[in-house]
Amino acid sequence: MTANRQDAWSHEDDLLLADTVLRHIREGSTQLAAFEEVADALSRTSAACGFRWNSTIRKKYTAEVNMAKKKRTVLKKEKAKSDSEMVYQHEPEEIQAAPIDHVEEVSQEKPLDLDAVIDYLQSMKAKQDVDDASMLKAENEMLKEKLEKVEKEKNVITQDYRSLLEIMDRARKLTNHSLLEKTL
């Protein structure tokens, strides 16, 4: 009878670990922070979580890790772009010292309304969809190449197997023929 360890990793524990690590990667955080978060949730050490991730779980989520890293890169680029586009904002004392009509002109230079926000978000979603689609196309092409390679290898192995069977069949016939001659 095999006894299960009381502290064995369950499927749900593995899923929590994978989801948390992938979220941290996407958000630009570290895997160590993810291990600590999971350790708190599962009453384990962060070292145990890190070991489980690196020894078992990470291998099952290679594609997801790559996509999370790409998403993190996109988010970093978008943040850098938005940071560079930020409008210079006056100090509170300068606003108080400025005439009221000047403050209204500043606020009308770049109005921020709901339609503009919606348009911006829709354009970002479209861009993300295009990025996701291009990542999926690239992954699809890579998988097609791997499949072609495996099919070629399978064909070579099949041909070698048939050749081996033919050789074995000839050897059996020769052995049977020579045994027949010896008995006669």
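All figures in this text were calculated on a predicted structure; none of them were measured in a lab.

Looking now at the overall build of the protein chain. Counting its regular elements, the protein chain contains 7 helices and 0 strands. For the protein chain, the α and β elements follow one another from N to C terminus as α-α-α-α-α-α-α. Per-residue burial over the protein chain gives 15% buried out of 184 residues. Intrachain contacts of the protein chain at a sequence separation of at least 6 include 58% that bridge at least 24 residues. Carbon together with sulfur atoms contributes 57% to the accessible area of the protein chain, which is approximately 15,300 Å² in total.

Let us now look at the pattern of salt bridges. As enumerated under the stated definition, the model contains 6 salt bridges in all. Between Asp169 and Arg172 there is a salt bridge, and its shortest N-O distance comes to 2.2 Å. Of this pair, Asp169 and Arg172 both sit in helix α7 (residues 114-183), 3 residues apart, roughly one helical turn. Look at Asp169 and you get partly exposed, because its relative accessible area is 28%. Taking the relative accessible area as the measure of exposure, Arg172 reaches 46% and is therefore partly exposed. Taken together, the salt bridges that share partners define one network made up of Arg23, Glu27 and Glu37.

All right, on to the packing of aromatic side chains then. Any pair of aromatic rings gets described here by the distance separating the centres and the angle formed by the planes. Enumeration according to the criterion identifies 0 aromatic pairs in this entry. Here the basic side chain of Arg44 rests over the ring of Trp9, its NZ or CZ set 4.1 Å away from the ring centre.

Residues of the protein chain with pLDDT of at least 70 account for 82%, and the chain-wide mean is 82. Mean pLDDT across the elements of the protein chain bottoms out in helix α6 (residues 100-109) (44) and peaks in helix α2 (residues 31-42) (94). Here residues 87-108 is modelled with pLDDT under 50, and outside its nearest four sequence neighbours on either side it reaches 5 contacts, counting other chains as well.

Its 70 residues give α7 an end-to-end C-alpha distance of 100 Å, which sits within 8% of 104 Å, the value for a rise of 1.5 Å per residue. Capping the start of α7, Asp113 holds a side-chain oxygen 3.0 Å from the backbone nitrogen of Ala116, two or three residues further along.

Before going further, it helps to examine the nonpolar core. Leu17, Val21, Cys49, Trp53 and Tyr61 are the most contacted members of the largest nonpolar core, which has 17 residues in total. When contributions to this core are tallied by element, the ones reaching two or more residues are α1 (11-26), α2, α3 (46-60) and α4 (62-85). Beyond its immediate chain neighbours, meaning those up to four positions away, Val21 contacts Gln31, Ala34, Phe35 and Trp53.

What follows covers the packing of α2 against α3. Two measures define how a pair of helices packs: the angle their axes make with one another and the distance between the axes. α3 packs onto α2 with a crossing angle of 115° between their chain directions and a minimal axis gap of 8 Å. Considering only the axes of α2 and α3, their crossing is right-handed. For the pair α2 and α3, the contacting residues are Gln31, Phe35, Glu36, Val38 and Ala39 in the first and Ser46, Cys49, Gly50 and Trp53 in the second.

The rules behind each value
- Residues numbered from 1 in each chain as written.
- Predicted model: local features only at pLDDT ≥ 70, side-chain atom pairs only at ≥ 80, totals over all residues.
- Heavy atoms only, no water.
- Helix = DSSP H or I, 4+ residues; strand = E, 2+ residues; numbered from the N terminus.
- Buried < 20%, exposed > 50% of the residue type's maximum accessible area, 1.4 Å probe, protein only.
- Contact = heavy atoms within 4.5 Å.
- Areas by Shrake-Rupley, 256 points an atom, 1.4 Å probe, with all protein chains shown as cover.
- Salt bridge = Lys/Arg side-chain N within 4 Å of Asp/Glu carboxyl O.
- Phe/Tyr/Trp six-rings, centres within 6.5 Å; stacked < 30°, edge-to-face > 60°.
- Lys NZ or Arg CZ within 6 Å of the ring centre and 35° of its normal.
- pLDDT = per-residue confidence, 0-100.
- Expected span 1.5 Å × (residues − 1).
- Polar contact = N/O pair within 3.5 Å; in protein donor to acceptor, adjacent residues only side chain to side chain.
- Core = buried A, V, L, I, M, F, W, Y, C linked by side-chain atoms within 4.5 Å.
- Axes fitted to C-alpha atoms, helices over the stretch in contact; angles between N-to-C directions.
- Left-handed = near helix turned anticlockwise from the far one by under 90°.

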